[in-house]
Amino acid sequence: MALLPVQVNIKAVDDSKVGRFWAEALGWRVTSQGAGATAALPDGFDWRNPVGVCVDVIAVPEAKTTTKNRVHLDLATTSADHQAELVARLKALGATPADVGQGDVPWTVLADPEGNEFCVLEPRETYRDTGPIAAVVVDCADPRAMARFWGEAIGWTPHEVTDELAALRSARGVGPYLEFLRTPGVKTVPDRVHLDLVPGAGDDKAAEVARLRALGAADLDVGQGDVPWTCLTDPEGHEFCVLARS
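Attention here is on the structure that accompanies the text. Bear in mind the structure is a predicted one, so any value in this text is a computation, not a measurement. (Residues numbered from 1 in each chain as written. Predicted model: local features only at pLDDT ≥ 70, side-chain atom pairs only at ≥ 80, totals over all residues. Heavy atoms only, no water.)

Counted by the stated rule, this structure contains 0 disulfides. With no disulfide partner, Cys140 has as its closest neighbouring cysteine sulfur the one in Cys119, 15 Å distant. Using a relative accessible area of 0% as the deciding quantity, one classes Cys140 as buried. Between Cys241, a free cysteine, and Cys231, which holds the nearest cysteine sulfur, the sulfur-to-sulfur gap is 3.8 Å. (Disulfide = S-S within 2.5 Å. Buried < 20%, exposed > 50% of the residue type's maximum accessible area, 1.4 Å probe, protein only.)

In structure tokens:
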């Protein structure tokens, strides 16, 4: 059995504007999935057998609050010049500087056109082959426990597990890392950014959802009604969805 991370789901009042921003930011193509949904997709992306993730922006009526997102993207760069050029290009696309208390650090913190924070990292050897998204980063209280849950949930390999940071990556050695960063505070509002998973070929969605519940996931009702996906939360309350393959 396997669940595959397939997309980073971002909520936005203007999905088209934010979706276009992320497509331009990542160098991907933009596609509309109907009213209220805009996706940024890498070339050749197959959502039933994803290598890496895409970005799916979904329209919601509520604007982002001033609360910092507890899930964000880190973008990779290959040199100091690349980092500076990327930051300048992102600002021209509508990104703005963000202060999340980072102080004097070698990476740059920005926010997309609706205030979703993300980081442009300085060059790091670890992320040399991830593609434009280096990592999906989750703020949490217990990185070790989160790594255990998510490692079992998606079968990714641990690359570093400490009290402060845990990092997982696909056993195929492709795509971004999934990282859990020990962060003060507790989750107080729904995540503006979350992961969507899809069952592997031949795997049963209901069985996979049952397996997640046994690992510690909880059912989530956000008023979704009768839909083909299942909404859950991980052991620290971060929302995520399991999609149907059809």
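With that settled, consider the packing of helix H1 (residues 15–26) against helix H2 (residues 80–93). Across the interface, H1 lies against H2 with an axial gap of 10 Å and an inter-helix angle of 160°. With respect to each other, H1 and H2 are oriented roughly antiparallel. Here H1 and H2 pass one another in a crossing that is right-handed. Here H1 contributes Phe21, Glu24 and Ala25 to the contact with H2, which in turn contributes Leu86, Arg89, Leu90 and Leu93. Partitioning the contact of H1 with H2 into residue classes produces 5 nonpolar, no polar and 2 charged. (Axes fitted to C-alpha atoms, helices over the stretch in contact; angles between N-to-C directions. Helix = DSSP H or I, 4+ residues; strand = E, 2+ residues; numbered from the N terminus. Parallel < 35°, antiparallel > 145°, perpendicular 65-115°, else oblique. Left-handed = near helix turned anticlockwise from the far one by under 90°. Contact = heavy atoms within 4.5 Å. Nonpolar A, V, L, I, M, F, W, Y, C, P; charged D, E, K, R; others polar.)

What follows concerns the layout of surface pockets. Taken as a whole, the largest pocket spans an internal volume of roughly 980 Å³. Lining the largest pocket are 38 residues, and of these Asn9, Lys11, Ile58, His194 and Cys241 lie nearest its centre. For the lining of the largest pocket, the secondary-structure elements that each account for two or more residues are strand S1 (3–12), strand S4 (54–59), strand S13 (193–199) and strand S16 (239–242). Looking at the lining of the largest pocket, the element that brings in the most residues is S1, giving 4 residues. Partitioning the lining of the largest pocket into residue classes produces 19 nonpolar, 11 polar and 8 charged. Roughly 580 Å³ of volume is contained in the second largest pocket. For the lining of the second largest pocket, the elements supplying multiple residues, two or more each, are strand S5 (71–75), strand S8 (117–120), strand S9 (133–140), strand S10 (157–161), strand S11 (165–169) and strand S12 (177–182). Grouping the amino acids of the lining of the second largest pocket by side-chain chemistry returns 14 nonpolar, 5 polar and 8 charged. (1 Å grid on protein atoms, 1.4 Å probe; cavity = no way out; pocket = protein on both sides within 12 Å on 5 of 7 lines; lining within 4 Å. Points joined across faces, edges and corners; volume = space filled by probe spheres on them.)

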